[in-house]
Amino acid sequence: MSMSAFRIRCVAVAALFVATAATVAFADPPPAAQIKPRQDKLRDMGGALKAITDEIKKGRIDWDNAVIPNAQTVKDRSVYILNWFPKGSGPEAHVKTYALPAIWQKFDDFTKQGKQLQADAAKLQQVANAKDEAGLKAQVQTIGKTCKACHDPYRSPDYEKDNEE
Ligand code: HEC
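Values in this document were obtained by computation on a predicted structure and should not be read as measured data.

Quick notes on the rules
Residues numbered from 1 in each chain as written. Predicted model: local features only at pLDDT ≥ 70, side-chain atom pairs only at ≥ 80, totals over all residues. Heavy atoms only, no water. Helix = DSSP H or I, 4+ residues; strand = E, 2+ residues; numbered from the N terminus. Expected span 1.5 Å × (residues − 1). Buried < 20%, exposed > 50% of the residue type's maximum accessible area, 1.4 Å probe, protein only. Arc of directions from axis to C-beta. Contact = heavy atoms within 4.5 Å. Polar contact = N/O pair within 3.5 Å; in protein donor to acceptor, adjacent residues only side chain to side chain.

Attention now moves to helix H3 (residues 63–80). Along its 18 residues, H3 runs 25 Å from first to last C-alpha, staying within 8% of the 26 Å computed at 1.5 Å per residue. When we look at burial in H3, the residues that qualify are Trp-63, Ala-66, Val-67, Asn-70, Ala-71, Val-74 and Ser-78. In a view along the axis of H3, the buried residues occupy a sector of 120 degrees, so they form one face of it. Facing away from the buried side of H3 by over 90 degrees, the exposed positions are Asp-64 and Asn-65. Those residues of H3 hidden inside the fold are in contact with helix H2 (35–58), helix H5 (107–129) and helix H6 (133–154). Near the N-terminus of H3, the side chain that reaches the backbone nitrogen of Asp-64, with its oxygen 3.4 Å away, is that of Asp-62.

Moving on: H6. Given 3.6 residues to a turn, an α-helix orients residues that are three or four positions apart in the same direction. Taking 1.5 Å as the rise per residue, H6 with 22 residues should run 32 Å; its terminal C-alpha atoms sit 32 Å apart, in good agreement. Of all the positions in H6, only Gly-135, Leu-136, Gln-139, Val-140, Ile-143, Thr-146, Cys-150 and Tyr-154 are classed as buried. Angularly, the buried residues of H6 cover 130 degrees about the axis, an arc narrow enough to put them on a single face. Among the exposed residues of H6, those pointing more than 90 degrees away from its buried face are Ala-134, Gln-141, Lys-145, Lys-148 and Asp-152.

As structure tokens, this is what we get:
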């Protein structure tokens, strides 16, 4: 290969890289546009966990129609939670959000909390699939604490105020 052919090839490869990077950048919606979908998904997760709690309260647990599919939802959501908080999707996005700036100031800690949720949700799914009632009751308590441990520092207390019944 001549030097100039080599150079043309390098330029072509570089151009391809730029094009790919641009596609990836455009494929991601801007941070502000991710707030509403993330809240919807968090609400789904909250609804799924509540549905499991309701089964426990009812006393006659419907594993196949309620607990197992809802544990699956919690697990699925937990896997992605850490992708939902890109930089720029806090209050500075000027879209209604309860996400506090502390998330991005202490992102390592926030990530740790997200990973804890993933571990707890995996365990929740395990005990659900095993139809282990004692295990389920214990794990619902455990995961509930993990939700709260992240909400306390990273979600505005206005959320509770705005959602009072
Ligand atoms: C890693 C941190 C973290 C964990 C863990 C976490 N959350 Fe959240 N959650 C947030 C943040 C931050 C918000 C605020 C998001 C916003 O308003 O943009 C939120 C918001 C919510 C909302 C309100 C959504 C809305 O606007 O209607 C619900 C419901 C919710 N979370 C449920 C849960 C449940 C249930 C769990 C545990 C199974 C959980 N979260 C675990 C960080 C977390």
